[in-house]
Amino acid sequence: MNRREDAVRADTVEEYAHLWRHDEHQLRWVIWNTTAGPEVFDRETDCPVPVDDEEILREVLRRMRAAGVPESDEYPGRPCG
């Protein structure tokens, strides 16, 4: 990859920084391990967080794990009505 692609990728990853930074919403995010693979899950909206690029998703998940974001094999949200 060239430097421009690296910079774009780094900027894109940083757009998701709120997922692994500690703040008042620390327990809002979960790494949900589904049969299709791990997903970022937002407990507040009760929905997965879309990360369309597989390489970016891997880096986001790596940073979330390094920050100690909880992981679950079970559906981490509220029961659907």
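For the structure itself, look to the data block above.
Conventions used here
Numbering of residues starts from 1 in each chain and follows the order in which that chain's sequence is written. A pLDDT threshold of at least 70 governs which residues receive local features in this predicted model, and a stricter bar of 80 or more applies before side-chain atom pairs are shown or counted, although totals over entire chains, interfaces and linings include all residues. Water and hydrogen atoms play no part in the side-chain values, which are based on all heavy atoms of the structure. At least two DSSP bridges between two strands are needed for those strands to be called paired. Under the scheme used here, helices are H or I runs from DSSP no shorter than 4 residues and strands are E runs no shorter than 2 residues, and both carry numbers assigned from the N terminus. Should any heavy atoms of two residues lie within 4.5 Å, those residues are considered in contact. Helix axes are fitted to C-alpha atoms over the stretch in contact, other axes to C-alpha atoms as well, and angles between N-to-C directions run from 0 to 180 degrees. Definition used for salt bridges: Asp or Glu carboxyl oxygen within 4 Å of a side-chain nitrogen of Lys or Arg. The classification of residues rests on relative accessible area computed with a 1.4 Å probe and restricted to protein chains. Under 20% of the type maximum is buried, over 50% is exposed, and intermediate values are partly exposed. Side-chain atoms within 4.5 Å are what join buried Ala, Val, Leu, Ile, Met, Phe, Trp, Tyr and Cys residues into a set we call a nonpolar core. Ring pairs shown here join Phe, Tyr and Trp side chains whose ring centres sit within 6.5 Å, with only the six-membered ring taken for Trp; geometry is labelled stacked below 30 degrees between planes, edge-to-face above 60, and tilted in between.

> What exactly am I supposed to notice about the sheet that holds strand S4 (residues 71-72) here?
Backbone-to-backbone hydrogen bonds join strands into a sheet, with any given pair of strands oriented parallel or antiparallel. Pairing is mixed in the open sheet, where 4 strands are placed in the order S3-S2-S1-S4. Looking at the sheet topology across the chains shown, the edges are occupied by strand S3 (47-48) and S4. Two strands pair when backbone bridges link them, and strand S2 (residues 37-42) and S3 are joined in this way by 2 bridges, in the antiparallel orientation. In the sheet register, Asp 42 faces S3, and the bridge partner there is Cys 47. Its contacts with the sheet place helix H2 (residues 54-66) against strand S1 (29-34), S2 and S4, and it is angled at close to 65° to S2.

> I'm lost on the pattern of salt bridges in this one. Help?
Side chains carrying opposite charge are able to pair once their charged atoms draw close together. Taken as a whole and assessed by the stated rule, the structure comprises 7 salt bridges. Of the charged contacts, one joins Arg 63 and Glu 14 as a salt bridge, the two residues approaching to 2.7 Å between their closest N and O atoms. In this pair, Arg 63 is assigned in helix H2 and Glu 14 in helix H1 (residues 3-14), connecting sequence segments 49 residues apart. Since its relative accessible area comes to 37%, Glu 14 is described here as partly exposed. Notably, a salt bridge pairs Glu 59 with Arg 63, separated by 2.7 Å at the nearest N-O pair. You can see Glu 59 and its partner Arg 63 sitting in helix H2, 4 residues apart, about one turn around the helix. Residue class for Glu 59 comes out partly exposed when judged on its relative accessible area of 21%. With relative accessibility at 25%, the residue Arg 63 sits in the partly exposed group. One salt-bridge network, in which partners are shared between bridges, spans Glu 14, Arg 21, Glu 59, Arg 62 and Arg 63.

> Just to check I follow, could you spell out the nonpolar core for this structure?
Core analysis: the biggest nonpolar cluster contains 16 residues, and Tyr 16, Leu 19, Trp 20, Val 40, Val 60 and Met 64 have the highest contact counts within it. Contact partners of Trp 20, with chain neighbours within four places excluded, come to Val 13, Glu 14, Val 60, Arg 63, Met 64, Ala 67 and Val 69.

> Would you take a moment to explain the packing of aromatic side chains for this structure?
Geometrically, a pair of aromatic rings is defined through the distance of the ring centres and the angle of the planes. Enumeration according to the criterion identifies 3 aromatic pairs in this entry. Consider the rings of Trp 32 and Phe 41, whose centres lie 5.5 Å apart with planes at 85°: the pair is edge-to-face. Comparing Trp 32 with Phe 41, the two get one shared label, buried. You can call Trp 32 buried: its relative accessible area is 15%. Aromatic ring contacts, followed pair by pair, group Trp 32, Phe 41 and Tyr 75 into a single cluster.

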